[in-house]
Amino acid sequence: MVTLVSLLVDTSRRDKTLSMPRKDLFLLIGSKDFPFIYQQTKDSLNLRGTADLILALCKHNRDRASSIIEMLVAAVRKLVLETSQHFLKLLGYLVEMSNTPGAPPFTALVLDKMWLCVESSPLPCLDWLTQQVPRSAEVALWMQQQTYNLDLVEEWLLGHSSARVRLQVANLLASLVPSPYFRQVYRSKSAPLSTVQLQSCHQEAVQQLFKMLLYLIDRAHKYVKHGTDGLVAYFNLMTMCLVSKSEKLMVREHFLDLWRIFQDLSAIEVPINPSKQAVVQFWYHLSKDCSENVDLIVKNEVVSNSIGFCYILADGDIPEVVSFNNRFLYYYYGLLRMCCIRSEAFAQRLALHTNTDFAFKQFLPNSPVYPDVSEELFALLEVFTGRRGSNSPEAIESAKQFRKHIIPLILRDVDGQSWAVWIKLFGTLLQSTDDVMTFVAHDGLTTVTEAFGMLQQMYHEATACNVATELLEVLVTVARLLKVVRHFEQIKPQETRAALEKWAKRMQLAHWLLNFLNPSTVDKIREVCLDILFHLVHLFPSDCVDTLLPVLEHTHRTVKPSGYKVLSGTFFPKKQRSRSVVSSHLGSRRMCELHMHLLPSLLEVEKGVDQDYDTALFNYFTPYHQFAFELIRVALTRCSEVQETAVNLSALLALEGACIHLKVAAEFWTQVISSKDVSGSNVN
């Protein structure tokens, strides 16, 4: 109906004047309050048609247009939010019609009254402005002019008591950048854009907005104590404006104001402070890829000495605190990392800071809970331990002392169940033989054993877990540790032996290693397991003989040499032509037992038929036989009470090795006969 009415009104116009009966006009506009338009809008009945009616009534009549706008604005100010939205939507339609021939300046009339609406109903009106700025150049220009009044911007962006209003003001200011992509990224709270993603004219708009915001930074400190979220909208918008190095360098003259704000926020001891997170996030992006801004920190004695002090509540029982810490500390430790890389002196001071120990103690053991924080702490650790940063003699010595200090601390707080953490730490902490001995002296071997225990259980029992790579990394680390320990045992026998005696789970490790000696284990893992077993035999000869020798002898004695088809695994040597058949038959089954039998029933062809196959068999079985005969050698020279078991195992291995002409047994007994370590009675 209202569409028809607007059409009739428009067709009644004669020479810019409505020529319609006064009674009909009165029905449409009333006396002064326009009841028909008001009710139509309040009931949200065809708002587009209502806008057309207003246009038809107000063409060439600015006074009537001004009166209708006043009525609509008054309705927005006094009605509830849900209803006032209809009037704002109608105002939006009128703004779109401003350029219609004969139309009064609706946009100017609306904007003239808009701040009255904002003061009464800030959220819907600010949202309306945010939508209109990209659509109307006139609204955008007007809004740009409003930003010249810093007191007004401060009042709404920093001083308003409502966080939602401050956020909406920030959205409105962001809409001044004529880039849809910029506005989209800001609303999604993503990282700052790059200059590649913005046109030059858009970057100029960003810089103009950023300059205006920077003028407010010396006033921002007044709002530090006005709630914990008082500065969030302001600094988040500032962060989004850091699209290039040019914007980052603009902050240099305001550096001390930024430091003052951070210092005031750090003095507030509350567990969750979103304003502090927003400031640190801004500072992080401000310093990223901008060494000049990092220098402002490290070259200022007051700032560099104080920035490490920051109130942190590490309570893993409160989900909100965990979530806040994971976001805030990522930027905080990232900022400190950039400072450490830039300044050797700063890195040395921070490495000795009490808060640094606190961070490693609290967050590394809980890496799954604090994944982002842990990544930055690992990066910091690389700087402190010398893997990144300066290579000067002073830095090398400082890194050495730090590793000596931090290894016992981490061993105390991070147990072996955190195997993923330790895999990242091994290469960072254990850079020298002294580091290894410090690690061993503080019972690090027990921690590594626990980590390996978790992984081997996952490897054998959890079919969906593929932890072979992690398992190999831990095994390689254990082999390296024991190799260094064997070397130091020759230099400092008493000190080394005292450290080794703390390792109560050494034979548990040996049992786990034996379970990997089978054809279903990857060659590299099996080889490292044998390497570790060699080291264990030399470091703990009596324990190994008492524990491992009976296991090996029983395993080889109970297998039948004929009439028993032993299942070979995926990595058992095979002739090339039949590999696919065997693999498809066996699948990916994993054994969890010692299974290194060498029986004729396992061989596809006899010795001498296929040279490549013979070589593969030789390479597969020789390391294991060498380990077994080394264990036998120790048993004969040190433990006479088990010599019968050792000799029986020797005979069994010699018999098995005969089918591929292994010479390990013959060479062993030749050496034993000529050795002075074995008495004649033992040989007999």
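So, how was this worked out
- Once a new chain begins, its residue numbering starts again from 1 and follows that chain's sequence as written.
- Local features are withheld for residues below a pLDDT of 70 in this predicted model, meaning they are given only at 70 or higher, and side-chain atom pairs are given and counted only at 80 or more; totals for whole chains, interfaces and linings count all residues.
- Note that water and hydrogens are dropped before the side-chain values are worked out from all heavy atoms of the structure.
- Secondary structure counts use DSSP, requiring at least four H or I residues in a row for a helix and at least two E residues in a row for a strand, with both numbered from the N terminus.
- All radius of gyration figures rest on C-alpha atoms, and the globule criterion is 2.2 Å times the number of residues raised to 0.38.
- Throughout, exposure labels follow a simple rule: accessible area from a 1.4 Å probe, protein chains only, divided by the maximum for the residue type, with under 20% read as buried, over 50% as exposed, and the rest as partly exposed.
- Every axis in this analysis is a line fitted to C-alpha atoms, fitted for helices over the stretch in contact. Angles between the N-to-C directions lie between 0 and 180 degrees.
- A crossing counts as left-handed when the near helix is turned anticlockwise from the far one by less than a right angle, and as right-handed when that turn is clockwise.
- Throughout, a residue-residue contact means that at least one pair of heavy atoms, one from each residue, lies within 4.5 Å.
- Three classes are used, and their members are as follows: Ala, Val, Leu, Ile, Met, Phe, Trp, Tyr, Cys and Pro are nonpolar, Asp, Glu, Lys and Arg are charged, and the others, Gly among them, are polar.
- pLDDT measures the predictor's confidence residue by residue and takes values from 0 up to 100.
- Two cysteine sulfur atoms make up a disulfide if the distance between them is within 2.5 Å.
- Stacked, tilted and edge-to-face are the three classes applied to pairs of Phe, Tyr and Trp rings, where Trp contributes its six-membered ring and a pair requires centres within 6.5 Å; stacked means planes under 30 degrees apart, edge-to-face means over 60, and tilted covers the rest.
- Here a polar contact means two N or O atoms within 3.5 Å. Within protein one must be a hydrogen donor candidate and the other an acceptor candidate, and residues neighboring in sequence count only if both atoms are side-chain atoms.
- Here the expected span of a helix is defined as 1.5 Å times the quantity of residues minus one.
- Two axes enter the definition of the bend at a residue: one is fitted to the seven residues ending there, the other to the seven starting there, and the bend is the angle between them.
- An angle below 35 degrees is read as roughly parallel, one above 145 as roughly antiparallel, one from 65 to 115 as roughly perpendicular, and any other as oblique.
- A pairing counts as a salt bridge when a side-chain nitrogen of Lys or Arg comes within 4 Å of a carboxyl oxygen of Asp or Glu.

### Points about the overall build of the protein chain
When its secondary structure is counted, the protein chain shows 38 helices and 2 strands. For 684 residues, the compact-globule estimate of 2.2 N^0.38 gives 26 Å, and the C-alpha radius of gyration of the protein chain, at 40 Å, exceeds that figure by more than 25%. Along the first, second and third principal axes, the C-alpha set of the protein chain runs to 135 × 60 × 40 Å. Considering the protein chain as a whole, with its 684 residues, one finds that 53% of them fall into the buried category.

### What to know about the packing of helix α8 (residues 122-135) against helix α9 (residues 137-146)
Taken N-terminus to C-terminus, the directions of α8 and α9 make an angle of 120°; their axes are 6 Å apart at the nearest point. As for how α8 packs across α9, the hand of that crossing is left-handed. Along the contact surface, α8 presents L129, Q132, V133 and R135, while α9 presents A137, V139, A140, W142 and M143. Class assignment for the residues of the contact of α8 with α9 results in 7 nonpolar, 1 polar and 1 charged.

### Some points on the confidence of the model for the protein chain
Mean pLDDT over the protein chain: 87, with 91% of residues reaching 70 or higher. Within the model, the stretch residues 577-587 combines pLDDT values under 50 with 8 contacts to residues more than four positions away or in other chains.

### With respect to the state of the cysteines
As enumerated under the stated definition, the model contains 0 disulfides in all. Residue C310 stays outside any disulfide, its sulfur separated by 13 Å from that of C339, the closest cysteine. Classification of C310 by relative accessible area gives buried; the value is 9%.

### A few points about the environment of D531
Note that D531 resides in helix α32 (residues 523-539). The exposure class assigned to D531 is partly exposed, which follows from its relative accessible area of 35%. Taking the C-alpha atoms as reference, D531 lies 17 Å from R633; in sequence the two are 102 residues apart.

### With respect to the packing of aromatic side chains
Throughout the structure, instances matching the rule amount to 34 aromatic pairs. A ring pair is formed by F363 and Y370, whose centres lie 4.9 Å apart and whose planes are at 80°; its orientation type is edge-to-face. Here F363 matches Y370 in class, with each residue buried. Among the aromatic residues, those joined into a cluster by ring pairs are F255, W259, F262, W283, F324, F328, Y332 and Y333.

### Topic: the environment of P371
Residue position: P371 is located in helix α24 (residues 371-384). Taking the C-alpha atoms as reference, P371 lies 37 Å from Q208; in sequence the two are 163 residues apart.

### Considerations on the side chain of T356
With respect to the element layout, T356 can be found in helix α23 (residues 354-363). T356 sits in the buried class, given a relative accessible area of 6%. Discounting residues that sit within four places of it in the chain, T356 has contacts with L350, A351 and F384.

### Remarks on helix α27 (residues 433-441)
For α27, every residue scored as buried is listed here: D435, V436, M437, T438, F439 and V440. On its buried face, α27 sits against α25 (393-413), α26 (419-429), α28 (444-461), α29 (468-491) and α30 (493-500). The first or second residue beyond α27 is D443, which carries a positive phi of 65°.

### Some points on the side chain of S343
Along the chain, the position of S343 falls in the loop between α21 (319-342) and α22 (344-351). In this structure S343 comes out as buried when scored by relative accessible area, which is 13%. Within the structure, S343 has its side chain in polar contact with the backbone nitrogen of F346 (distance 3.1 Å).

### Considering unusual backbone geometry
Look at N46: it is not a glycine, yet its phi comes out positive at around 55°. Assignment of secondary structure puts N46 in the loop between α3 (35-42) and α4 (47-58). You will see that H661, though not glycine, has its phi angle at about 60°, which is positive. Examined against the element boundaries, H661 turns out to sit in the loop between α36 (643-657) and α37 (664-674). Exposure remark for H661: the relative accessible area of 52% places this residue in the exposed category.

### A closer look at α21
With 24 residues, α21 ought to run about 34 Å at 1.5 Å a step, and its terminal C-alpha atoms sit 35 Å apart, in line with that. Residue L329 marks the point of greatest curvature in α21, where the axis turns by about 30°. The buried fraction of α21 is high, at 17 of 24 residues.

### Overview of the packing of α21 against α22
Here α21 crosses α22 at 130°, and the two axes come no closer than 5 Å. Looking at the two axes, α21 sits oblique to α22. Along its contact with α21, which presents L336, C339, C340 and R342, the element α22 presents E344, F346, A347 and L350. Residue composition of the contact of α21 with α22, grouped by class: 6 nonpolar, no polar and 2 charged.

### Here's the deal with the pattern of salt bridges
Tallying each qualifying case throughout the model produces 19 salt bridges. Of the charged contacts in the structure, one is a salt bridge between R166 and D229, with a shortest N-O distance of 3.3 Å. In this pair, R166 is assigned in helix α11 (residues 163-174) and D229 in the loop between α14 (217-220) and α15 (232-240), connecting sequence segments 63 residues apart. Assessed through its relative accessible area of 4%, R166 is described here as buried.

### Considerations on the environment of M437
Mapped onto the elements, M437 comes out in helix α27. Taking the relative accessible area as the measure of exposure, M437 reaches 11% and is therefore buried. Along the chain, M437 and C310 lie 127 residues apart, while their C-alpha atoms are 34 Å from each other. Look past the residues within four positions of M437 in its chain and what remains in contact with it is V484, V485, F488 and T496.

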